[in-house]
Amino acid sequence: MAALMLISMSACGNAQKSTNEQGNDQTKEQSNNVQKENKMKPIKLTKAEFLTKVANFETSPNEWKYLGDKPAIVDFYADWCGPCKMVAPILEQLQEEYGDSIQVYKVDTDAEQELAAAFGIRSIPSLLFIPKEGQPQMAMGAMSKGDFKKAIDQVLLNKK
């Protein structure tokens, strides 16, 4: 009887140890997932967010005043647009590659029609390149990753 109790106790102890090891594995996995999620990604903006993070064109309609703290790209897109779908992963890669030196924003032109109209968006994708200082530049149509890098380096980061 004593031997049976000893065996069952050690089995419970091993089960507890196994559960703790699984818990540690789960904690590590959750930590890795959080790290992956914390990587910089393009940020979707509503009109209200655009007005506070990028430029408040309602209070200063005749003057461009960028509100951000780093150069940015604003991707005016729609979910149904084929070229927009081609550009999206490139922008995600570039946001990850350039990290904190730029910010990529996305504006859904179907959901934010007033914002799209304010910038005269008539075709998508349309991309607004915003340097920290100076005037923004608009590009229309899909671009290759190389063309994006060239524009980021020259227009946004002033690398020649």
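Remember, predicted model here, so these are calculated numbers, not experimental data.

## Concerning the confidence of the model for the protein
Of the residues in the protein, 76% reach a pLDDT of 70 or more, and the chain-wide mean stands at 82. Confidence drops under pLDDT 50 across residues 30-38; counting only partners more than four residues distant or on other chains, this segment forms zero contacts.

## Observations concerning the sheet that holds strand S3 (residues 103-108)
A sheet is described by the order of its strands in space; here five strands give the open sequence S1-S3-S2-S4-S5, paired in mixed fashion. Sheet topology places strand S1 (43-44) and strand S5 (137-140) at the edges, where each strand pairs with a single neighbour. Relative to strand S4 (residues 126-130), strand S2 (residues 72-77) is paired through five bridges, and the arrangement is antiparallel. Following the sheet pairing, Phe-76 is matched in S4 by Ser-126. The sheet contacts of helix H3 (residues 82-98) involve S2, S3 and S4, and relative to S3 the element is tilted by about 155°.

## Some points on the pattern of salt bridges
If you walk through the whole model with that rule in mind, you get six salt bridges. Between Lys-47 and Glu-58 there is a salt bridge whose closest N-O contact spans 2.5 Å. With Lys-47 in helix H2 (residues 47-53) and Glu-58 in the loop between H2 and S2, this pair connects stretches of sequence that are 11 residues apart. Owing to a relative accessible area of 46%, Glu-58 belongs among the partly exposed residues under this scheme. One salt bridge in this structure joins Asp-75 and Lys-106, with 3.0 Å as the shortest N-O distance. With Asp-75 in strand S2 and Lys-106 in strand S3, this pair connects stretches of sequence that are 31 residues apart.

## Brief notes about the environment of Pro-71
Along the polypeptide, Pro-71 turns up in the loop between H2 and S2. C-alpha of Pro-71 to C-alpha of Lys-132: the two residues are 61 residues apart in sequence and 4.9 Å apart in space. Not counting the four nearest positions on each side in its chain, Pro-71 is found in contact with Tyr-66, Ser-101, Ile-102, Gln-103, Ile-130, Pro-131, Lys-132, Leu-156 and Leu-157.

## A few points about the side chain of Glu-112
The topology assignment puts Glu-112 in the loop between S3 and helix H4 (113-118). For the buried Glu-112, which has no salt bridge, the nearest side chain bearing the opposite charge is Lys-47, at an N-O separation of 7.6 Å. Dropping the residues within four chain positions of it, Glu-112 is found in contact with Leu-45, Thr-46, Lys-47 and Val-107.

The rules behind each value
- As a convention, each chain's residues are numbered from 1 in the sequence order in which they are written.
- At least 70 in pLDDT is required for a residue's local features to be given in this predicted model, at least 80 for side-chain atom pairs to be given and counted, and no such filter applies to totals for whole chains, interfaces and linings, which use all residues.
- The side-chain values count all of the structure's non-hydrogen atoms but skip hydrogen atoms and water molecules.
- Note on scores: pLDDT gives the predictor's confidence for each residue, bounded by 0 and 100.
- A contact between two residues is defined here by any heavy atoms of the two lying within 4.5 Å.
- Here the rule is simple: two strands pair whenever DSSP picks up at least two bridges between them.
- A run of H or I in DSSP counts as a helix once it spans at least four residues, and a run of E counts as a strand once it spans at least two, with each numbered from the N terminus.
- All axes here are fitted lines through C-alpha atoms, helices being fitted over the stretch that makes contact, and every angle between N-to-C directions spans 0 to 180 degrees.
- Here, a salt bridge means any Lys or Arg side-chain nitrogen found within 4 Å of an Asp or Glu carboxyl oxygen.
- Burial classes: relative accessible area under 20% of the type maximum marks a residue as buried, over 50% as exposed, and values in between as partly exposed (1.4 Å probe, protein chains only).
- We count Lys and Arg on the positive side and Asp and Glu on the negative side, and we leave His and both chain ends out.

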